[in-house]
Amino acid sequence: MAGASRGRSHWGLRTGTALAVLAMLPAFANAQSKPTPEDEIAVVQRKPVLRKGRVEFAPEFGLTINDSLIQQFELGGKLNYHATEFLWFGGEFGWFDLGELGGVTDEYFDVLDKTSSAPEVVELKWYAGARVGLVPIYGKFAIFDSAIVYYDLSVTLGGGYLTHVTGIGEETGAGAGEIGAQFRIFMNKWLALTASVNDRIAPVELQTGSTVAQFVTVNFGTSFFLPFGFEYSTAR
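Treat the numbers as computed from the prediction; the structure is a model and nothing was measured. (Residues numbered from 1 in each chain as written. Predicted model: local features only at pLDDT ≥ 70, side-chain atom pairs only at ≥ 80, totals over all residues. Heavy atoms only, no water.)

Asker: Requested: an account of the overall build of the protein, with residues and values cited.
Answerer: When helices and strands are counted, the protein shows two helices and nine strands. Listed N to C, the secondary structure of the protein is α-β-β-β-β-α-β-β-β-β-β in terms of helices and strands. Put simply, the protein has 236 residues, and 31% of those count as buried. Pairs at least 24 apart in sequence give 63% of the contacts found in the protein among residues at least 6 apart. If you sum the accessible surface of the protein, you get close to 14,500 Å²; carbon and sulfur atoms cover 65% of it. (Helix = DSSP H or I, 4+ residues; strand = E, 2+ residues; numbered from the N terminus. Buried < 20%, exposed > 50% of the residue type's maximum accessible area, 1.4 Å probe, protein only. Contact = heavy atoms within 4.5 Å. Areas by Shrake-Rupley, 256 points an atom, 1.4 Å probe, with all protein chains shown as cover.)

Right, dumping it as structure tokens:
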């Protein structure tokens, strides 16, 4: 009986040990399969739109905003070449003489009624110039948690030739400087919506003498990037 008792005791001990080992196997397996920092792979998402080496054509429509006596509208466009992802340069043209679209405001007539004299205004005709742009900010944001939109912000510096008519009655022109900012929202690889603010500064001749005037415009448009597609220079 003593031998049988010892046999059952040894059998129970072996059984308990086996069960304990089986219970530890999942934890051991998880410990073995848990990735270490060396095993982890960093995934970097590619930029969905590449600008380097592409031409951008951007028709635009805008309006002047800084002169309360006259408001004009601008129809024009820009042609840019992106030398890198962050630097581009190009030319632009804007036409302001759009007939009945635009002109003196109600405030102009208020001044005329109160002073019995016509205030002098500068009527823009056209502008042509060149500029360079730098892209310091770009990124993405979500719309209603359903779509990812990519954008960039450029600061611009340029110059050109601006023609205008003043109270003197003659169309004249002068060199002009320009500073501005442009915001793009990319719809796909080759199409973007744009909004920009441009401040053009030029000397003008008024009846009261020479002065330097500012012409601030807000422009909205669409950018088309050519070629329509592009290739990444590195493998995924």
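Asker: Tell me about the packing of aromatic side chains, and please be specific about residues and values.
Answerer: Scanning the entire structure with this criterion turns up twelve aromatic pairs. Taking the centre distance of 6.5 Å and the plane angle of 25° together, the rings of phenylalanine 93 and tryptophan 95 count as stacked. When the centroid spacing of 5.0 Å and the interplanar angle of 70° are considered together, the rings of tryptophan 190 and phenylalanine 228 count as edge-to-face. Here tryptophan 190, found in the loop between strand E7 (171-186) and strand E8 (191-206), pairs with phenylalanine 228, found in the segment after strand E9 (209-226); they are 38 residues apart in sequence, far enough to count as distant. (Phe/Tyr/Trp six-rings, centres within 6.5 Å; stacked < 30°, edge-to-face > 60°.)

Asker: Quick one: what's the story with the nonpolar core, residue by residue and with numbers?
Answerer: Among the nonpolar cores identified, the biggest contains eleven residues, and these are Phe96, Val122, Leu124, Tyr127, Leu162, Ala176, Ala202, Val204, Leu206, Ala213 and Phe215. Among the elements of the structure, strand E5 (123-143), E8 and E9 are those that each provide at least two residues to this core. Here this core gets three residues from one element, more than from any other, and that element is E8. In contact with alanine 202, other than residues within four places in its own chain, are Leu162, Gly175, Ala176, Thr211, Val212 and Ala213. (Core = buried A, V, L, I, M, F, W, Y, C linked by side-chain atoms within 4.5 Å.)

Asker: A description of the side chain of arginine 200 should follow, citing residues and the corresponding values.
Answerer: Looking at where arginine 200 falls in the secondary structure, it is placed in strand E8. Residue arginine 200 is classed as buried on the basis of its relative accessible area, which comes to 2%. Within the local environment of arginine 200, its side chain forms a polar contact with the side chain of glutamate 92, the two groups lying 3.4 Å apart. Within the structure, the side chain of arginine 200 is placed 2.9 Å from the side chain of glutamate 178, a separation counted as a polar contact. Setting aside its immediate chain neighbours within four residues, arginine 200 contacts Glu74, Glu92, Phe96, Tyr127, Gly177, Glu178, Ala213, Gln214, Phe215 and Thr217. (Polar contact = N/O pair within 3.5 Å; in protein donor to acceptor, adjacent residues only side chain to side chain.)

Asker: Outline the environment of valine 204, listing residues and values.
Answerer: Tracing the chain through its elements places valine 204 in strand E8. Between the C-alpha atom of valine 204 and that of threonine 163, which follows or precedes it by 41 residues, the distance is 9.4 Å. Apart from residues lying up to four places away in sequence, valine 204 is in contact with Val122, His164, Gly209, Ser210, Thr211, Ala213 and Phe215.

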